Number of protein chains: 2
Amino acid sequence: MKYCFGADIGGTAVKIGFFNKDGELLEKWEIPTRKEEKGAYVLQDLANAIKGKMEEKGIKMEEVIGVGLDAPGPVSEDGVIHGCVNIGWGTFHFVEEFKSLTGFQVVRAENDAKVAALGEHWKGVCQGDGSMVMVTLGTGVGGGVVLNGQLHRGINGAAGEIGHMVVQPEETEFCNCGKRGCLEQIASATGIVRTAKRFMDKDTKPSKLRELEMVTAKNVLDLAAQGDALALEVVEYVCKYLGMALANVSCVVDTDMIVIGGGVSKAGRFLVDKIQKYHYDFAFEPSKVKRFEIAKLGNDAGIYGCARLILEGKVTENHL
Amino acid sequence: MKYCFGADIGGTAVKIGFFNKDGELLEKWEIPTRKEEKGAYVLQDLANAIKGKMEEKGIKMEEVIGVGLDAPGPVSEDGVIHGCVNIGWGTFHFVEEFKSLTGFQVVRAENDAKVAALGEHWKGVCQGDGSMVMVTLGTGVGGGVVLNGQLHRGINGAAGEIGHMVVQPEETEFCNCGKRGCLEQIASATGIVRTAKRFMDKDTKPSKLRELEMVTAKNVLDLAAQGDALALEVVEYVCKYLGMALANVSCVVDTDMIVIGGGVSKAGRFLVDKIQKYHYDFAFEPSKVKRFEIAKLGNDAGIYGCARLILEGKVTENHL
């Protein structure tokens, strides 16, 4: 029997999955992300955790096909991570460093949002079939594109960065990325709150939103679902721009499926149906996407995607 | 020695290329597109032309790897063409019909704009390397996406339909596709003229455009290059929306190169540099495309792309 590990490195915890070569998750656990000294111990902690699990199970090095890693930062094809503010990392050779810490020959790394898309495609709503675009609505708006069963990373690893499509060229406020008018400014959790504040300032319509000390994206979505008129206006506005951006995505890649993930997607079909409605309004007729789904794997998408980095394609076959 | 044919079926002529298996164009010629009786004779004429060339050269059926076809209409993966107004065709099985007319075993067909992108990638500016998006600025705005050396067609054959990305959601006039605010309404040859008329109506700024009986896209581009202030405003506006749409394309597929083709691209670097400037303004930092090029193959892009449909990938290797 052969195995692999997938490790999803986040700002507070590293989720680790132990898989067999058929992609079955045998065990999962978490270790804290030690951020002291600019995250200097994170990879060593992870190496220890994996080695510990191997000892516990009596697994030899040669039984491990490889380790897939992700982190919330841009990872280029050569395995270099170009900074990761949530962990404190600067630019360094992510893959090489982990190889030398562990002695594993096969280590692959990718950005966390892209890996989540890959995991969701493989073991979530798509079950490995068809092409998909996943958009992750969280603190930011991330995404990933899976074509022919493979993650399409793009030449700079920036494919699927749907949150930074410009949807309002006349916007005057800046996005975190330094541009103006990005989808993320409207459709991330932060963007929803920002949009709600704009709508509240714009008119005097009564709304339960006005009674809250601090408005969250969840408040806006919950109140909209309960029929609060102002909250509903905000959600329609957010979904209009999301639907338009995703219609434009479909003009480029024309996938079978669009999957909505991230914390905001917990609003469920109430939200996803609205996004799909606007997608239909804006989409070129032949490219309208029939399947709009909510991501299924939740926080496990990352570890599945990391395992898929190791178990996909020809490289794996050569190893087995 | 083995050969293949590529045939680019247009509204006025069918361009035919005769290639060796290494993709060298040995000969090219044209036959008129007979549009009488809803284009009923077009495929028979093409079959005769190819058979005639084979006789002339003394080439046997088994020496021909296959024939690649394109036409200005949507072609689905099963080889069905879904209407082609320029020729008079309705929906029919394009590939099967040509197979039964000729007896060739390997016939493949694709939409003309996509095939032009594939041809341009293979033998034009990219010489087969890297990933690219091509946008064709003609009567309409078409395009194609080439990833890993392969045309990415999309599940409905609508990948690369950049002209129908919505860039002005508040637009009130309709695009030919039935939507409002498409890039094509601004950046096609027709769109440039329409934009110029709007700018002329909007203010009274003097311009040589006002002295023309009928304004063409070429007039607008020529006068802009000569420094006519109003024409230049129009060109800046067109390039702004093109640059923004292409920045959004790069957020999705993040390619090495963007290639501008079609009649409008004859305006050359004057136009392409402006598009790239706006792309830079709107693009997410890591996805900025360094290479913006003008298509090189002109009217031959189609026949090269058709040959490539036959000579690419594993199917070809099995045949050789």
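Visitor: I'd like a description of the overall build of chain A, backed by residues and values.
Guide: Of the regular secondary structure elements, chain A holds 11 helices and 12 strands. Whereas a compact globule of 320 residues would reach a radius of gyration of roughly 20 Å, chain A reaches 20 Å, a difference of no more than 12%. Principal-axis analysis of the C-alpha atoms places the extent of chain A at approximately 65 × 45 × 35 Å. Of all 320 residues assigned to chain A, the portion counted as buried reaches 59%.

Visitor: How would you summarise the relation of the copies chain A and chain B if you had to cite specific residues and measurements?
Guide: Structural alignment of chain A on chain B gives an RMSD of 0.0 Å, achieved by rotating through 180° and translating 0.0 Å along the axis. Here the two chains are linked by the operation of a two-fold rotation axis.

Visitor: Hey, could you go over the packing of helix α8 (residues 229-253) of chain A against helix α8 (residues 229-253) of chain B for me, with residue numbers and the actual values?
Guide: Interaxial distance between α8(A) and α8(B) falls to 10 Å at its minimum, and their mutual angle equals 75°. The pairing of α8(A) with α8(B) is recorded here as roughly perpendicular in orientation. Within the contact between the two elements, α8(A) uses A:Val249, A:Val252 and A:Val253 and α8(B) uses B:Val249, B:Val252 and B:Val253.

Visitor: Explain the packing of aromatic side chains to me, using residue names and the numbers behind them.
Guide: Counted under the stated rule, the structure contains 16 aromatic pairs over all chains. For the ring pair B:Phe92 and B:Phe94, a centre distance of 6.0 Å and an interplane angle of 80° mean the geometry is edge-to-face. With respect to burial, B:Phe92 and B:Phe94 carry one shared label: buried. Grouping aromatic residues by their ring pairs yields a cluster made of A:Tyr3, A:Phe5 and A:Phe18. Directly above the ring of B:Tyr278 sits B:Lys277, whose terminal nitrogen or CZ lies 3.9 Å from the centroid.

Visitor: Would you mind going over the interface of chain A and chain B in detail, with residue names and values included?
Guide: Facing 40 residues of chain A, the contacting portion of chain B comprises 40 residues. Together, the buried faces of chain A and chain B total about 3100 Å²; carbon and sulfur atoms form 60% of this surface. Put simply, chain A and chain B have 2 salt bridges between them. When the shortest N-O distance is used, the salt bridge between B:Lys240 and A:Glu170 registers 3.4 Å. Scanning the region where chain A abuts chain B turns up 24 residue pairs in polar contact (both at pLDDT 80 or more). Mapped onto the side of chain A that touches chain B, the elements with two or more residues apiece are β9 (141-147), α8 and α9 (269-282) of chain A.

Visitor: Could you give me a rundown of unusual backbone geometry, with the residues and numbers involved?
Guide: The backbone of A:Gln127 sits at a positive phi, close to 50°, despite the residue not being glycine. Here A:Gln127 shows up in the loop between α4 (112-123) and β8 (132-137). The phi dihedral of B:Lys38 falls on the positive side, at around 50°, and the residue is not glycine. For B:Lys38, the location among the structural elements is in helix α1 (residues 36-39).

Visitor: I'd like to hear about the pattern of salt bridges, residue by residue, with values.
Guide: Enumeration according to the criterion identifies 46 salt bridges over all chains in this entry. A:Glu171 serves as the salt-bridge partner of A:Arg194, at 3.2 Å between the closest nitrogen and oxygen. Of this pair, A:Arg194 sits in helix α6 (residues 189-202) while A:Glu171 is found in the loop between β10 (150-151) and α5 (184-187), placing the two residues 23 residues apart along the sequence. Given the relative accessible area of 19%, A:Arg194 is considered buried. Residue class for A:Glu171 comes out buried when judged on its relative accessible area of 10%. Residue B:Asp222 pairs with B:Lys218 through a salt bridge whose shortest N-O separation is 2.7 Å. Placement of both B:Asp222 and B:Lys218 in helix α7 (residues 217-225) is noted, with a separation of 4 residues, approximately one turn of the helix. You can call B:Asp222 partly exposed: its relative accessible area is 32%. On the basis of relative accessible area, B:Lys218 is assigned to the exposed category, the value being 58%. Salt bridges sharing common partners tie together A:Glu27, A:Lys53, A:Glu56 and A:Lys57.

Visitor: Talk me through the sheet that holds β10(A); I want residue IDs and the actual numbers.
Guide: Residues and elements named next belong to chain A. Strand order in the open sheet formed by 5 strands is β10-β9-β8-β11-β12, with mixed pairing between adjacent strands. Unpaired on one side and paired on the other, β10 and β12 (291-294) mark the two borders of the sheet. Here β9 runs beside β10; their pairing, made up of 2 bridges, is antiparallel. What sits directly across from Leu 147, in β10, is Gln 150. Together, β8, β11 (257-261) and β12 form the strand contacts of α9, whose direction differs from that of β12 by roughly 155°.

Visitor: Account for the confidence of the model for chain A, with residues named and values stated.
Guide: Residue and element names in this part refer to chain A. Within chain A, residue pLDDT values average 94, and 98% of them lie at 70 or more. Per-element confidence in chain A ranges from a low mean pLDDT of 38 for helix α11 (residues 313-319) to a high of 98 for α8. Of the regions scoring below 50 in pLDDT, residues 314-320 engages in 9 contacts with residues more than four places distant in sequence or in other chains.

Visitor: Describe in detail the side chain of A:Lys53, supporting the description with residues and values.
Guide: Residue and element names in this part refer to chain A. Its place among the elements puts Lys 53 in helix α2 (residues 42-57). On the basis of relative accessible area, Lys 53 is assigned to the buried category, the value being 8%. Setting aside its immediate chain neighbours within four residues, Lys 53 contacts Phe 5, Glu 27 and Trp 29.

Visitor: A description of the pairing of β8(A) should follow, citing residues and the corresponding values.
Guide: For a regular strand, side-chain orientation follows a simple rule: the groups alternate between the two sheet faces. All names here are of chain A. When you tally the buried positions in β8, you get 5 out of 6 residues, the bulk of the element. Bridge count for β8 against β9 is 6 bridges, and the pairing is antiparallel. Among the inter-strand pairings, Thr 136 is bridged to a residue of β9, identified as Gly 142. Once β8 ends, the chain turns through 3 residues before running back antiparallel as β9. Note that β8 and β11 share 5 bridges and pair parallel. Bridge pairing in β11 places Val 135 opposite Ile 260.

Visitor: Kindly report on empty space enclosed by the protein, identifying the contributing residues and their values.
Guide: As enumerated under the stated definition, the model contains 1 cavity of 30 Å³ or more in all. Quantified by volume, the largest cavity comes out at close to 30 Å³. For the largest cavity, the full set of lining residues is A:Val166, A:Val167, A:Pro169, A:Met244, A:Asn248, B:Val166, B:Val167, B:Pro169, B:Met244 and B:Asn248. Secondary structure elements with two or more residues in the lining of the largest cavity: α8 of chain A together with α8 of chain B. Residues belonging to the lining of the largest cavity are distributed by class as follows: 8 nonpolar, 2 polar and no charged.

Visitor: Which residues make up the sheet that holds strand β8 (residues 132-137) of chain B, and what are the values?
Guide: All names here are of chain B. Taken together, the 5 strands give an open sheet; going across it, the order is β10-β9-β8-β11-β12, and neighbouring strands pair in mixed fashion. Taken across any chain shown, the strands that pair with only one partner, and hence form the sheet edges, are β10 (150-151) and β12 (291-294). Sheet contacts for helix α4 (residues 112-123): β8, β9 (141-147), β10 and β11 (257-261); angle to β9, the most-contacted strand, approximately 50°.

Visitor: Explain the packing of α4(A) against helix α10 (residues 301-311) of chain A residue by residue, including any values.
Guide: All names here are of chain A. Running from N to C, α4 and α10 point in directions that differ by 85°, and their axes come no closer than 7 Å. Between α4 and α10, the angle falls in the class roughly perpendicular. Contacts from Val 115, Ala 116, Leu 118, Gly 119, Glu 120, Trp 122 and Lys 123 in α4 reach Ala 301, Gly 302, Tyr 304, Gly 305, Cys 306, Ala 307, Arg 308, Leu 309 and Leu 311 in α10. Looking at the contact of α4 with α10 residue by residue, the class counts come to 10 nonpolar, 3 polar and 3 charged.

Cut-offs applied
- Residues numbered from 1 in each chain as written.
- Chains lettered and ligands numbered in written order.
- Predicted model: local features only at pLDDT ≥ 70, side-chain atom pairs only at ≥ 80, totals over all residues.
- Heavy atoms only, no water.
- Helix = DSSP H or I, 4+ residues; strand = E, 2+ residues; numbered from the N terminus.
- Rg over C-alpha atoms; globule rule 2.2 N^0.38 Å.
- Buried < 20%, exposed > 50% of the residue type's maximum accessible area, 1.4 Å probe, protein only.
- Least-squares fit on C-alpha atoms with pLDDT ≥ 70 in both.
- Axes fitted to C-alpha atoms, helices over the stretch in contact; angles between N-to-C directions.
- Parallel < 35°, antiparallel > 145°, perpendicular 65-115°, else oblique.
- Contact = heavy atoms within 4.5 Å.
- Phe/Tyr/Trp six-rings, centres within 6.5 Å; stacked < 30°, edge-to-face > 60°.
- Lys NZ or Arg CZ within 6 Å of the ring centre and 35° of its normal.
- Buried area = accessible area lost by both parts, 1.4 Å probe.
- Salt bridge = Lys/Arg side-chain N within 4 Å of Asp/Glu carboxyl O.
- Polar contact = N/O pair within 3.5 Å; in protein donor to acceptor, adjacent residues only side chain to side chain.
- Pairing = 2+ DSSP bridges.
- pLDDT = per-residue confidence, 0-100.
- 1 Å grid on protein atoms, 1.4 Å probe; cavity = no way out; pocket = protein on both sides within 12 Å on 5 of 7 lines; lining within 4 Å.
- Points joined across faces, edges and corners; volume = space filled by probe spheres on them.
- Nonpolar A, V, L, I, M, F, W, Y, C, P; charged D, E, K, R; others polar.

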